[in-house]
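# Summary of structural features
Letter by letter, the chains look like this.
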Amino acid sequence: MKSKAGYSDVGTDKEALKAEWAEVSEKLRSEVGEAAYQSWIRPIAIRGFQDGVVRASVPTRFMRDWVVAHYSEALADLWQAVNAEIRSVDIVVQAERALKAAEPAEDAGQESGKTVFASPGADIRNEICAPLDRRFTFDQFVVGKPNEFAYAAARRVAEASKVPPFNPLFLYGGVGLGKTHLTHAIAWHIRQEAPSRTVVYLSAEKFMYRFIRSLREKTTVDFKEQFRSADVLMIDDVQFIAGKDSTQEEFFHTFNSLVDQGRQIVISADKSPSDLEGMEERLVSRLNCGLVADIHATTYELRLGILQSKAHQLVARIPEKVLEFLAHKITSNVRELEGALNRVVAHAQLVGRDITLESTQDVLHDLLRANDRRVTIEEIQKQVSQHFNIRLSDMHSARRARSVARPRQVAMYLAKQLTTRSLPEIGRKFGNRDHTTVMHAVRKVDELKERDTAFAEDVELLRRMLEG
Ligand code: ADP
Ligand code: MG
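Here goes a summary of the coordinates provided. (Residues numbered from 1 in each chain as written. Chains lettered and ligands numbered in written order. Predicted model: local features only at pLDDT ≥ 70, side-chain atom pairs only at ≥ 80, totals over all residues. Heavy atoms only, no water.)

Turning next to the site of ligand 1. Near ligand 1 lie 19 residues; those nearest to it are Val142, Gly176, Lys179, His181 and Glu338. Within the side chain of Thr180, an N or O atom sits 2.8 Å from an oxygen atom of ligand 1. The separation between a nitrogen atom of ligand 1 and a polar side-chain atom of Lys310 is 3.1 Å. If you list the elements that add at least two residues to the shell around ligand 1, you get helix H7 (179-193), helix H12 (300-314) and helix H14 (334-351). A breakdown of the residues in the shell around ligand 1 according to their chemical character gives seven nonpolar, seven polar and five charged. Both domains that meet at the shell around ligand 1, namely domain 2 (130-295) and domain 3 (300-371), each give it at least three residues. (Near = heavy atom within 4 Å. Polar contact = N/O pair within 3.5 Å; in protein donor to acceptor, adjacent residues only side chain to side chain. Helix = DSSP H or I, 4+ residues; strand = E, 2+ residues; numbered from the N terminus. Nonpolar A, V, L, I, M, F, W, Y, C, P; charged D, E, K, R; others polar. Domains from an automatic or database assignment.)

So, about the pairing of strand S2 (residues 53-58). The pairing of strand S1 (residues 45-50) with S2 spans five bridges and is antiparallel. Its bridge partner being in S2, Phe49 is matched across the sheet by Val54. Inspection of the sheet shows S2 paired to strand S3 (residues 88-93) by six bridges, in the parallel sense. Each residue of the ladder has a partner; that of Ser57, found in S3, is Val92. (Pairing = 2+ DSSP bridges.)

Another aspect to go through is the sheet that holds strand S6 (residues 169-173). The five strands are arranged S7-S8-S9-S6-S10 in an open sheet whose pairing can be described as parallel. Across the chains shown, the open sheet's two edge strands, defined by having one partner strand only, are strand S7 (199-203) and strand S10 (291-295). Across the sheet, the axes of successive neighbouring strands diverge by a mean angle of 15°, strand direction being ignored. The pairing of strand S8 (residues 232-236) with strand S9 (residues 264-269) spans four bridges and is classified as parallel. Its bridge partner lying in S9, Ile235 is registered against Ile267. Across the sheet, helix H10 (residues 245-260) lies against S8 and S9, angled at about 140° from S9, the strand it touches most. (Axes fitted to C-alpha atoms, helices over the stretch in contact; angles between N-to-C directions. Contact = heavy atoms within 4.5 Å.)

Dropping the structure here:
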């Protein structure tokens, strides 16, 4: 018989356990990143707690093996930090819910529940190519100053019938600016115009997942063969394999052998090759060898153009004023812009009223507030130098006197807190400093805030003024 001390307590402890799990999984999320979190951590269901062991389940064996191999230690450590009683986390297979999460849902189309269809074609395409989003074509891509170069490069690659015009084509830019859209567009175009060419598109995460599976199943030879028979290989979000050494190694070999055979490679990432942290030097230099095209942040004109095009597709009657308002207010990225427009249209259809400026502001008040609060590094530097009464140029200067170094550190700290910029990006804006300098500044300011309440209040005040 099972002792009473076991799961009978769970009823009362369940809430506590849940709260602990929320904390642990949140910490893990910031450690492993959003993609890995969604694939591996979110599907974990917590079942109970007994004798220092948390019992958790995932829907498939494969997931269990993966989670155990990669996250069980971190899970136990993090959990122990929250509740000292916990010694380990036991993960079992229980296919009770989230059956669809059997494999990581890595492609953009499926994640957001859009219509996706796989096209018929060569076996290897079906075997390893992720489905393409049918809306991500060149026709539906609105071109403006920030993306015209990337667009032109993508078109060139799509239209080249034999010799790759540049190899690799490396597209990079911030979240939601159209990288995946452009790579899918290349794939669609080639499938249409040159169906005999084998185009393989997949995310870097999927690449890694396949690779690791082939190691486990001892089918690495097949794995290599599959990739090496691609005419065009596209790897999306390559930043994912940063720091993953053996996957990088394999990718590097696949990459080289394809380039040597004159095949085209297209890669996307959120940063330029040199800015990707945790990438091997030789891989970075190979990535830099081809054409590197940057998709810049959107401009007002581009945003308005995109909104007009989407409104046209939605066949919705939307006053020009509303589109202008949205283009003005939602500046973060195209995905958010699209989301905002969809919400406004859906709301109007639901309540059966026309779209007006007022209804738009009403429907989107949360989003508009969030966009209002976005601060730039330049604003932070200005505000901080005024506050401490130093010259703006000292934010970039090499002077190390405490009277300027400290405000500079505060500005770096606020830049890290209030913007989405990476450490290297922040460093660059402060007179080309190294990312470790920024890291040090963040730590230093945190430390000072602990010790010195007046200083802490100062920083808090600055933050509030900037968030205004
Ligand atoms: P990324 O891969 O860079 O994060 P996506 O390619 O997924 O971004 O783009 C996000 C959304 O914005 C997609 O729905 C895409 O169709 C849309 N989008 C981005 N740029 C444009 C553009 N220039 N014209 C039309 N739609 C765009
Ligand atoms: Mg993408």
